[in-house]
Amino acid sequence: MNLKQQMAIAMMAALTGVMGVVPSIPIGPVPITIQSIAPMLAGGILGAKRGAASMMLFLLLVACSVPILSGGRGGVGHLFGPTGGYLFGWILVAFLVGCYVTYAKRVNVWKLMAVNIIVGMFILYGCGALYLSQVTATSVSEALLLNIAFIPGDTAKAVLAAFIAVRVRHALGEGTTEKVMAEKRSA
Ligand SMILES: O=C(O)CCCC[C@@H]1SC[C@@H]2NC(=O)N[C@@H]21
């Protein structure tokens, strides 16, 4: 991995942290947060491995008590608290969304939007709810139902993330034959 790719991972982790300045809206044990757009952007812009790496770096910084979770929270306790399933799920979301952009011959904004919705919402809700039901006295079905409140905001984030990712990839020349060949040579 070259320096430019490492910088891109660090910048995505930093961007996710900057989003943490925006306070979350607490509704029950899991808040509404703008940061849930970050894994979709990370995968959509950086691809599978680098997208997942940026989310890992972000969570590592949180574990080191850097106050970059929404509302300025940090500390390893947050990773294993009620929202831990969502936080670790962000790595999976970035990876799976990234798989689409990495392996698609041509990234289509509508398909990316669909992948964002399926992975960045419904698979993430599954991870979050399963974990939440383990660490609190909530059944899996109750925990799943909590996610209904996130659907409108997360749908908007999935749409926005798809448009931003396609624009940024286009601006960076990602997916062009020359770029793919150059990356294969430097890998
Ligand atoms: O800050 C945290 O502790 C993590 C919050 C996780 C929030 C989840 S991510 C998916 C869903 N959409 C939201 O806006 N909130 C939840």
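Residues numbered from 1 in each chain as written. Predicted model: local features only at pLDDT ≥ 70, side-chain atom pairs only at ≥ 80, totals over all residues. Heavy atoms only, no water.

All right, on to the nonpolar core then. Ranked by size, the top nonpolar core spans 44 residues in total, and within it M55, F58 and L112 carry the most contacts. Mapped onto this core, the elements with two or more residues apiece are α1 (3-19), α2 (38-46), α3 (48-63), α5 (84-103), α6 (109-135) and α8 (151-172). Ignoring any residue separated from it by four or fewer positions in sequence, one finds M55 in contact with T16, A38, P39, A42, W90, I91 and A94. (Core = buried A, V, L, I, M, F, W, Y, C linked by side-chain atoms within 4.5 Å. Buried < 20%, exposed > 50% of the residue type's maximum accessible area, 1.4 Å probe, protein only. Helix = DSSP H or I, 4+ residues; strand = E, 2+ residues; numbered from the N terminus. Contact = heavy atoms within 4.5 Å.)

With that out of the way, let us pick up unusual backbone geometry. Positive phi, close to 70°, is recorded for S65, a residue that is not glycine. Tracing the backbone through its elements, the reader meets S65 in the loop between α3 and α4 (76-79). According to the relative accessible area criterion, S65 is partly exposed, its value standing at 47%.

Here we take up the UniProt feature "transmembrane region" (unreviewed entry) in the chain. Feature annotation in UniProt places "transmembrane region" (unreviewed entry) on residues 55-72, 84-103, 110-132 and 144-166, given in this structure's numbering. Summarising residues 84-103: 100% helix, 0% strand, and an end-to-end C-alpha distance of 29 Å. Within residues 144-166, the helical portion is 83% and the strand portion 0%, while the C-alpha atoms at the span's ends are 31 Å from each other. (UniProt positions renumbered as here; feature names shortened; annotations may be inferred.)

Look at α6 against α8: their axes get within 9 Å of each other, and the N-to-C directions meet at 140°. Between α6 and α8, the crossing angle belongs to the class labelled oblique. Judged by the sense of rotation from one axis to the other, the crossing of α6 with α8 is right-handed. Where α6 approaches α8, its residues V109, W110, L112, M113, N116, I117, M121, F122 and Y125 are matched on the opposing element by I151, D154, T155, A158, V159, A161, A162, F163, A165 and V166. Its residues assigned to classes, the contact of α6 with α8 shows 16 nonpolar, 2 polar and 1 charged. (Axes fitted to C-alpha atoms, helices over the stretch in contact; angles between N-to-C directions. Parallel < 35°, antiparallel > 145°, perpendicular 65-115°, else oblique. Left-handed = near helix turned anticlockwise from the far one by under 90°. Nonpolar A, V, L, I, M, F, W, Y, C, P; charged D, E, K, R; others polar.)

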